[in-house]
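# Structural overview for review
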Protein chains: 2
Amino acid sequence: MVADLSGTISHSVWYGWGDPSRARPLNAGGLAFLRRRLKLASVEPVHPPVDLSDVRLRPGSLGADALDQFSAIVGAEHVSTSAQERILHAGGKSTSDLIRRRSGDAGDAPDAVIFPGSGTDVRQILALCDQEGIAVVPFGGGTSVVGGVEPLKADFRAVIALDLGRMDRVVEVDSICLTATFEAGIRGPAMEASLGKLGFTLGHFPQSYEEASLGGYLSTRSAGQASTGYGRSDDMVKALHVETPRGPLELGGLAPATAAGPNLLDVFVGSEGTFGVITEATMRIHRAPKHRSYGAWTFGSFEAGAEALRRLVQDGAKGDMPEVCRLADAPETESTFALSGGWKSSLLRMYLRFRGQGSPALALFVWEGADNQTDARRRRCATILRRAGGVFVGPVPAQAWERARFSGPYLRDELLTRGVYVETVETATSWNRVKSTHRDVGKAIGSALMVNGAGAHVQAHISHVYPDGASLYFTFLGGLEADPLAQNARVKKAASDAVMQSRATITHHHAIGVDHAPYLAAEIGEVGVDILAGIKGVLDPRGIMNPGKLIPGPKTPQIPG
Amino acid sequence: MVADLSGTISHSVWYGWGDPSRARPLNAGGLAFLRRRLKLASVEPVHPPVDLSDVRLRPGSLGADALDQFSAIVGAEHVSTSAQERILHAGGKSTSDLIRRRSGDAGDAPDAVIFPGSGTDVRQILALCDQEGIAVVPFGGGTSVVGGVEPLKADFRAVIALDLGRMDRVVEVDSICLTATFEAGIRGPAMEASLGKLGFTLGHFPQSYEEASLGGYLSTRSAGQASTGYGRSDDMVKALHVETPRGPLELGGLAPATAAGPNLLDVFVGSEGTFGVITEATMRIHRAPKHRSYGAWTFGSFEAGAEALRRLVQDGAKGDMPEVCRLADAPETESTFALSGGWKSSLLRMYLRFRGQGSPALALFVWEGADNQTDARRRRCATILRRAGGVFVGPVPAQAWERARFSGPYLRDELLTRGVYVETVETATSWNRVKSTHRDVGKAIGSALMVNGAGAHVQAHISHVYPDGASLYFTFLGGLEADPLAQNARVKKAASDAVMQSRATITHHHAIGVDHAPYLAAEIGEVGVDILAGIKGVLDPRGIMNPGKLIPGPKTPQIPG
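Residues numbered from 1 in each chain as written. Chains lettered and ligands numbered in written order. Predicted model: local features only at pLDDT ≥ 70, side-chain atom pairs only at ≥ 80, totals over all residues. Heavy atoms only, no water.

## Examining the overall build of chain A
Under the convention used in this document: Helix numbering and strand numbering both begin at the N terminus, where a helix is a DSSP run of H or I of at least 4 residues and a strand a DSSP run of E of at least 2. Taken over C-alpha atoms, the radius of gyration is set against a globule rule of 2.2 Å times the number of residues to the power 0.38. Only protein chains enter the accessibility calculation, which uses a 1.4 Å probe. A residue is then buried if its area is under 20% of the maximum for its type, exposed if over 50%, and partly exposed in between. Note on definitions: a residue-residue contact is assigned when non-hydrogen atoms from the two residues lie within 4.5 Å.
For chain A, the count of helices and strands is 19 helices and 19 strands. Radius of gyration (C-alpha) of chain A: 23 Å, near the 24 Å computed for a compact globule of 561 residues. For chain A, the residues scored as buried account for 63% of the 561 residues in total. Within chain A, contacts between residues separated by at least 24 positions form 79% of all contacts whose residues are at least 6 apart in sequence.

## Considerations on the sheet that holds strand S1 (residues 79-80) of chain A
All names here are of chain A. Cut-off, in case you're wondering: When DSSP locates at least two bridges between a pair of strands, those strands are taken to pair.
Read across the sheet, four strands follow the order S1-S2-S4-S3 without closing on themselves; strand pairing throughout is mixed. The strands lining the two open edges of the sheet, one partner per strand, are S1 and strand S3 (134-139). Of the strand pairs in this sheet, strand S2 (residues 112-114) and strand S4 (residues 158-163) are connected by three bridges, and their pairing is parallel. Within the sheet, the bridge partner assigned to Ala 112 lies in S4 and is Ile 160.

## What to know about helix H19 (residues 520-539) of chain A
Note the following rule: A helix's residues, less one, multiplied by 1.5 Å, set its expected span. Bend at a given residue is defined as the angle between two axes, one fitted to the seven residues that end at that position and one fitted to the seven that begin there.
With 20 residues, H19(A) should cover 28 Å at 1.5 Å per step; its first-to-last C-alpha distance of 20 Å lies more than 12% under that length. Taking the largest bend as the criterion, H19(A) deviates by roughly 85°, centred on Glu526(A).

## Some words on the environment of Trp431(B)
Summarising the element assignment, Trp431(B) is placed in helix H17 (residues 431-449). Along the chain, Trp431(B) and Ala470(B) lie 39 residues apart, while their C-alpha atoms are 6.6 Å from each other.

## Description of the interface of chain A and chain B
Applied cut-off: When two parts are put together, the accessible area they lose, computed with a 1.4 Å probe and summed over both, is reported as buried area. Salt bridges are defined by distance alone: a side-chain nitrogen of Lys or Arg within 4 Å of a carboxyl oxygen of Asp or Glu. N or O atoms within 3.5 Å of each other form a polar contact, as long as, within protein, one can give a hydrogen and the other can take it, and as long as residues adjacent in sequence are counted only when both atoms are side-chain atoms. Any residue outside Ala, Val, Leu, Ile, Met, Phe, Trp, Tyr, Cys, Pro, Asp, Glu, Lys and Arg is labelled polar, Gly included; the first ten of those are nonpolar and the last four are charged.
With 83 residues of chain A at the contact, the number on the chain B side is 83 residues. Taken over both partners, the interface formed by chain A and chain B buries close to 5,900 Å², and the fraction arising from carbon and sulfur atoms is 61%. The interface formed by chain A and chain B holds ten salt bridges in total. Asp315(B) is paired through a salt bridge with Arg287(A); the nearest N and O atoms lie 2.6 Å apart. Here chain A is connected to chain B by 40 residue pairs in polar contact (both at pLDDT 80 or more). Only strand S9 (247-251), helix H10 (265-268), helix H11 (302-315), strand S16 (420-430), helix H17 (431-449), strand S19 (469-479) and H19 of chain A provide two or more residues apiece to the side of chain A that touches chain B. Here the side of chain A that touches chain B gets twelve residues from one element, more than from any other, and that element is H19(A). Of the residues in the side of chain A that touches chain B, the class split is 38 nonpolar, 24 polar and 21 charged.

## A few points about the pattern of salt bridges
All names here are of chain A. According to the stated counting rule, one finds 66 salt bridges over all chains in the structure shown. Glu 183 is the salt-bridge partner of Arg 169, the closest N and O atoms lying 3.0 Å from each other. Residue Arg 169 is found in the loop between S4 and strand S5 (170-174), and its partner Glu 183 is found in strand S6 (residues 179-183); the two are separated by 14 residues along the sequence. Given a relative accessible area of 43%, Arg 169 falls into the partly exposed group. When the shortest N-O distance is used, the salt bridge between Arg 377 and Glu 323 registers 3.0 Å. With Arg 377 in helix H14 (residues 374-387) and Glu 323 in the loop between H11 and strand S13 (324-328), this residue pair connects regions lying 54 residues apart in the sequence.

## Topic: the sheet that holds S6(A)
Residue and element names in this part refer to chain A. Applicable threshold: Axis angles are defined between N-to-C directions and span 0 to 180 degrees, where every axis is a line fitted to C-alpha atoms and, for a helix, only to the segment in contact.
Strand order across the open sheet formed by five strands is S5-S6-S10-S8-S9, with antiparallel pairing between neighbours. Lying at the two open borders of the sheet, with one neighbouring strand each, are S5 and S9. Geometrically, the sheet is characterised by an average inter-axis angle of 10° between neighbouring strands, direction not taken into account. For S5 and S6, the ladder comprises four bridges, and the chain directions are antiparallel. If you follow Val 170 over to S6, its bridge partner there is Phe 182.

## Regarding the relation of the copies chain A and chain B
Taken together, a rotation about one axis and a shift along it account for how the two chain copies relate. Convention followed: The least-squares superposition of copies is restricted to C-alpha atoms, and to residues with a pLDDT of at least 70 in both copies.
When chain A is fitted onto chain B, the two copies agree to an RMSD of 0.0 Å after a turn of 180° and an axial shift of 0.0 Å. Taken together, the rotation angle and the small translation identify this as a two-fold axis. No C-alpha of chain A lies nearer the rotation axis than that of Gly319(A), which sits 1.9 Å from it. With an isologous cut-off of 70% or more, the 100% of interface residues of chain A that recur at the interface of chain B puts this contact in the isologous class.

## What about H17(A)?
Residues and elements named next belong to chain A. Taking 1.5 Å per residue, 19 residues should reach 27 Å; H17 reaches 27 Å between its end C-alpha atoms and fits that length. In the structure, H17 departs most strongly from a straight axis at Thr 437, where the bend amounts to approximately 30°. Inspection of H17 places Trp 431, Arg 433, Val 434, Thr 437, His 438, Val 441, Gly 442, Ile 445, Gly 446, Ala 448 and Leu 449 among the buried residues, and these make up the whole buried set. Looking at the buried side of H17, the elements it contacts are H11, S16, strand S17 (456-462), strand S18 (465-466), S19 and helix H18 (484-501).

## As for the packing of helix H11 (residues 302-315) of chain B against helix H14 (residues 374-387) of chain B
Residue and element names in this part refer to chain B. Short version of the rule: An angle below 35 degrees is treated as roughly parallel, one above 145 as roughly antiparallel, one from 65 to 115 as roughly perpendicular, and anything else as oblique. The sense of a crossing depends on the near helix, which, turned anticlockwise from the far helix by less than a right angle, makes the crossing left-handed and, turned clockwise, makes it right-handed.
Their axes nearest at 9 Å, the elements H11 and H14 cross at an angle of 140°. Comparing the axis directions of H11 and H14 gives the class oblique. Considering the relative orientation of H11 and H14, their crossing is right-handed. Across the interface between the two elements, Ala 308, Arg 311, Leu 312 and Asp 315 of H11 pack against Cys 381, Ile 384 and Leu 385 of H14.

## Details of the packing of helix H4 (residues 95-102) of chain A against H18(A)
All names here are of chain A. One way to put it is that H4 packs onto H18 with a least axis distance of 10 Å and a crossing angle of 175°. Relative to H18, the element H4 lies roughly antiparallel. Residues Thr 95, Ser 96, Ile 99 and Arg 100 of H4 form the contact with H18, whose own contacting residues are Pro 484, Leu 485 and Asn 488. In the contact of H4 with H18, the residues fall into three nonpolar, three polar and one charged.

## Side note on the environment of Ile445(B)
Residues and elements named next belong to chain B. Positionally, Ile 445 belongs in helix H17. Classification of Ile 445 by relative accessible area gives buried; the value is 0%. Taking the C-alpha atoms as reference points, Ile 445 and Asp 155, 290 residues apart in sequence, are found 35 Å from one another. In this structure, Ile 445 is in contact with Val 458, Phe 474, Phe 476, Val 491 and Ala 495, ignoring residues within four places of it in sequence.

This is the structure we're talking about:
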């Protein structure tokens, strides 16, 4: 019943997400729903990516001398200038990344890909690049959707991708302190496998779980689908080893908590490789769950459901909160039913209409635990949800969600092939602004999509719940326009502007990268940006580390405006 | 039964702690225990502080012109150069502060004390001081025990204490988001009073609760006695307004969590006024507890008790942990019994000896909750504690501790008057080093005290428990030597060196201040110190903000070595 946590993908396909053999194609009902909703003449799969051999690549700008120097550090077999490696490291997995790559454009590929085997390798590579004026893009799973691994050369001589894939060792699992130390290149499934054998779990399951790396989790301050229960990556991290051009740092290893000045762990978590490279991390771990309880409730509206989640997290007993806690708005609930199809959802819809919920909002919960309390916790939460107007619809929707929890991004590849534009934007805000942010951002996205009578579908869900607020994750679809990059820039700008207008954060778990850099000053102020620039000045005075990311500046491409 | 949370002290007595009328003097049994244990000929109260009129003060170095400029900002009635105000702001409440002050030495008093009424006042004062080269020491409750409010003039023209006492307003209590916004000068009791009326609590109860300010809590990354349940100040803070010489910052107000880069809240929490002044903070609040359950257990040794606490926090259900969770070692248990005295503790001791615990270690717990689950939570925890060897000794010791929870520091004033040296050192470390740190630091303190056959008493407790480790708080007593400042420096150095040798943090909740600054590089590395200096360079380029604190440097007095 539980999702497969062992599936790992060492290298995504170059033009899209993960391993295409894992994709679950849309069925006829789903296709009909899309055609109708998006007012499209056809959703036939007639827009495939070009052949790999047709991808355009600029010539590499690193000569044999420079490559020899890298080889002297890591070994020649761990230095690559092959077209395939360069294309695989030409960027992340944002919709605009995919649109460019599918059309054969990998002009922004790095000049070389270097695979260090240790922290010492990383230190020597950074020293070499600092001396030679070569930009360095740390690369974990490569799943950034905000341009975080874009190989921007800026005004440097060359740019390399520093692929940490070889640095995937389990350094230590400490069952006395409930912590585990890993090299930063390790992927989620490998961590879960090593911990699972000893009866533990990290409990971090972002949608990118099968590909993303621990270093990536931390560099982007990522949250996972079970963060409501296990906490975010920034809650989980206890200690870091970081390599910077200025030298190495060991942070946080002495104690579970300290008052020894500002928390420098929190300076590196979320720093997106702009200060240095996280090479090792010690994470808090949990006893692996032996019991799981599932439940789904529907509400008359998103607003009613959001109010129920607020009650749950604020009024429920501390330990009763579900590990997974999600609420889809009415359009997302509708598309979930439509895309999953079948007579069961039709029956469910009839039942809910009978209960007065014509456009229901579906909430899903999973309670996990090493003890046998998950059913009791579910029962106590059920009382709160029922009082808040929830109709219990059984465990199946939550179980179905869990089985498909990592499959969402595959759909995007199929949609692009069928001429359908799809993108996501996420944020978080305080409870008193959740409803208005949901409404205003959704409206802004819809308006930006529905130009010249075009159709659009805009849906959203809450996937992370806090005592003081919640996340909001928008997914939106339309017909691909003639200039899809311009379309994407226009819609994302409308969405991001509306997010800031709503006094919500520009990103809850996707990070800043290139795409959100123009909004950072609105988030933390000009003085806040100066602080980040000041830290970078200390650690990376020449600016070789992941230029153009996080900190807005002349080297950062501006979004069209 | 519950401790009085309404007692507030706006101004501590100049030579010691709080309001002396609240002190509970030692009884005959306690005095006998001390005389015997410390091998003292007498503990008569023959070493009182000098008269206030005999305190030596250097002449103020601010002329009428400068004072007029401050008066133009805050009003003449909020600018003071009186001897009494200067002495009240001449430092914090460390043992060495008290030794100096009691002997009549306030040579380090600030040139003036300024009382701003708003964030705008603070902004203008910082601009004026930056322009005029005047050092600024932000001053909340003034309870620092690490030299955090020492008015070091460094090479500036003058130094002022910026007393935030007037900035004590409740800005907003948001019952939808469960947050409350306060001006930073507000004290704990005032926060609890305003929240209590609305059915909420902040849940932050450091021993300095009756005097310390919110700004002080956050500037020092403080923890409270109930932090095991409610979290530390750094967990509680959601948003900050900060004034710096470079300009104001608004941080964290947009969302409950964000991936928008490094967490700058965590740069200011713990910054000890060296980057700027926290003028306003939004804190997460909780429903006020309606139910409380108490329990005390004894263990055969500190080691057995620590192991039981580890089991409790790692194996118990998430919501079952007590809000307050403390474990005294055998010497602290012994002194608690001895100083509280009476036939009840004699009976208890006989019973424990019968149960095989000749030198018991006493653990105290308080479960608090807005729901009626506290008894059930206690019962489930009791199972774990019993299995770990704990003997239940009823609720009374926990209730007695709670009633006296804020009275500890008063004892120091009486002890100094009786010629007894007393000091504390606190740290935290991972579970796998808790026992060795307890042993080695205790031993180092004892050796440093017991020179030339002198007696000493060294005790310790755990007061904060985390899944990955715990705090350790050492209290130690001896006869006051002829040069008590040298004695204090010697013993604190031995303790601090042993803490670092044990791979524990130099401070769990007392902060860095002046006293711990020489150890910061050992804690966060030279590169880490450079980061802090870099941030200071951005926000306070002239270095006027609380010079000599936190960041070690030429302006920081070195401990004797």
